[in-house]
Amino acid sequence: MDPLDPGAGVPLGELAGGIALGLQIYAFVWGAVWGSFINVVIHRVPLGASLVHPPSACAACGARIRWFDNIPIVSYLALRGRCRACGSGYSPRYMLVELLCGVLSLALFRALAVPIGGLDPLIDAAWQWLWLQTFVYGLVAITFIDLEHLYIPDEISIGGLMLGLAGAHFLPVEAPQDHTLGALAGAGFLGLVWAVGWVVYRREAMGLGDVKLLAMIGAFLGWRALPFVLFAAAVQALIATLLARLYTAATGKAAGLTLSTAELDAHFDEEGRYDEGLPEHTAIPFGPFLALAGIEALFFGGDLLWAAAEAINRALLGQ
Ligand SMILES: [Zn+2]
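Predicted model only: the values in this text are computed from it and were never measured. (Residues numbered from 1 in each chain as written. Predicted model: local features only at pLDDT ≥ 70, side-chain atom pairs only at ≥ 80, totals over all residues.)

### A short note on the environment of L221
For step 1, the next point in the chain: For L221, the position within the fold is in helix α7 (residues 208–221).
For step 2, the next point in the chain: L221 sits in the buried class, given 29 other C-beta atoms within 10 Å.
For step 3, the next point in the chain: Along the chain, L221 and I295 lie 74 residues apart, while their C-alpha atoms are 9.8 Å from each other. (Helix = DSSP H or I, 4+ residues; strand = E, 2+ residues; numbered from the N terminus. Buried ≥ 20, exposed ≤ 12 C-beta atoms within 10 Å, placed from the backbone.)

Here's what the structure looks like:
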């Protein structure tokens, strides 16, 4: 059930201070470098462009971004988020994604701890670390693409689903069948919601992208995590919607938060891709909340569910 169970691992704190600190700095830098690549994914996958060619260039003036201006986080801060050639500003999203991936890599590293007692547990933990990184970086990419384009690329959700199942079956993960079942249950449950919306309202109640995303989350976390993921995603989406409405009421900046599906449909082409202008109102996609809940389930899900079950148990039994 718990992919983060360190197994033979020992807490980092038991390692000599210098080594533990050095390894953690390494884990953060490693993640930030991947964050730099995830920025390319977020920018290019929705355009259908190659991830490796051409090399990064300024969107405003076309100047090539040199390697020393492409150092994660550091370059953004040194250039104050501007192009060295033309001075036009870059979105803080670039640095945010690099920071986020660095922090997630470090958090995974700390959770998996450093196993001692032979080479094999060390190699297992390293693979587990890499495997779960593909999960969290995939969720980061999906979040920012869905926020901007209101769709989730299959390359990432289906690709992630495959990686999730492959890892669960080839790595020493407890109960790999839970992960196969997780992918099926995730696709099945939201697929049913989608189908009911289609039959009853003749409209998509939610995107098929969300169905594939929940299948990917189920593949990585196993089916037991799914009730928490759905619940946490729904609650947080509701809170965000309420906050956005309060913001609208206070500033009058947008007439309303949600669009009728007809209004929304006008902004999508036949293949369901977002293709035209920004809607007048703000639409909040569900994908980022599923992704957020997936990360929460990875780090806290088991504990939170366990604590809740214990509380309910105590209340019912009066113990
Ligand atoms: Zn420029």
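### Quick notes on the confidence of the model for the chain
For step 1, the next point in the chain: Across the chain, pLDDT averages 83, with 80% of residues at or above 70.
For step 2, the next point in the chain: In the model, residues 255–261 has pLDDT below 50 throughout and makes 16 contacts with residues more than four positions away in sequence or in other chains. (pLDDT = per-residue confidence, 0-100. Contact = placed C-beta atoms within 7 Å.)

### Focus on the nonpolar core
The nonpolar side chains of soluble globular proteins are, as a tendency, buried together.
For step 1, the next point in the chain: Ranked by internal contacts, the top residues of the largest apolar core, which has 61 residues, are I38, C101, V136, V140, A141, V229 and L290.
For step 2, the next point in the chain: At the level of secondary structure, the elements contributing two or more residues to this core comprise α1 (17–44), α3 (93–112), α4 (119–149), α5 (154–170), α6 (176–201), α7, α8 (226–251) and α10 (287–317).
For step 3, the next point in the chain: When residues in this core are grouped by element, the largest group, 12 residues, is from α4.
For step 4, the next point in the chain: Counting the residues that make up this core, at least three belong to each of domain 1 (1–149) and domain 2 (176–319).
For step 5, the next point in the chain: Other than its neighbours up to four places away in sequence, C101 contacts G31, A32, W34, G35, I38, Y137 and V140. (Core = buried A, V, L, I, M, F, W, Y, C linked by C-beta atoms within 7 Å. Domains from an automatic or database assignment.)

### Comments concerning α7
For step 1, the next point in the chain: For α7, with 14 residues, the first-to-last C-alpha span of 20 Å sits near the 20 Å given by 1.5 Å per residue.
For step 2, the next point in the chain: With 13 of its 14 residues buried, α7 lies for the most part within the structure. (Expected span 1.5 Å × (residues − 1).)

### Quick word on the packing of α5 against α7
For step 1, the next point in the chain: Where α5 meets α7, the axes come as close as 8 Å, and the angle between the chain directions of the two elements is 20°. Judged by the inter-axis angle, α5 sits roughly parallel to α7. Between α5 and α7 lies a crossing of left-handed hand. Where α5 approaches α7, its residues D154, S157, I158, G160, L161, G164, L165 and A168 are matched on the opposing element by G209, K212, L213, A215, M216, A219 and F220. (Axes fitted to C-alpha atoms, helices over the stretch in contact; angles between N-to-C directions. Parallel < 35°, antiparallel > 145°, perpendicular 65-115°, else oblique. Left-handed = near helix turned anticlockwise from the far one by under 90°.)

### Examining unusual backbone geometry
For step 1, the next point in the chain: The amide bond that connects H53 to the next residue, P54, takes the cis arrangement and shows omega of -5°.
For step 2, the next point in the chain: Take P54: it is sitting in the loop between α1 and α2 (74–78).
For step 3, the next point in the chain: A positive phi angle, near 65°, is found at I73, a position not held by glycine.
For step 4, the next point in the chain: Note that I73 resides in the loop between α1 and α2.
For step 5, the next point in the chain: A tally of 19 C-beta atoms within 10 Å means that I73 is categorised as partly exposed.

### As for α4
For step 1, the next point in the chain: Under the 1.5 Å per step criterion, the end-to-end length of α4 is 45 Å for 31 residues, consistent within 8% with the ideal 45 Å.
For step 2, the next point in the chain: One or two residues past the end of α4 sits L150, with phi positive at roughly 60°.

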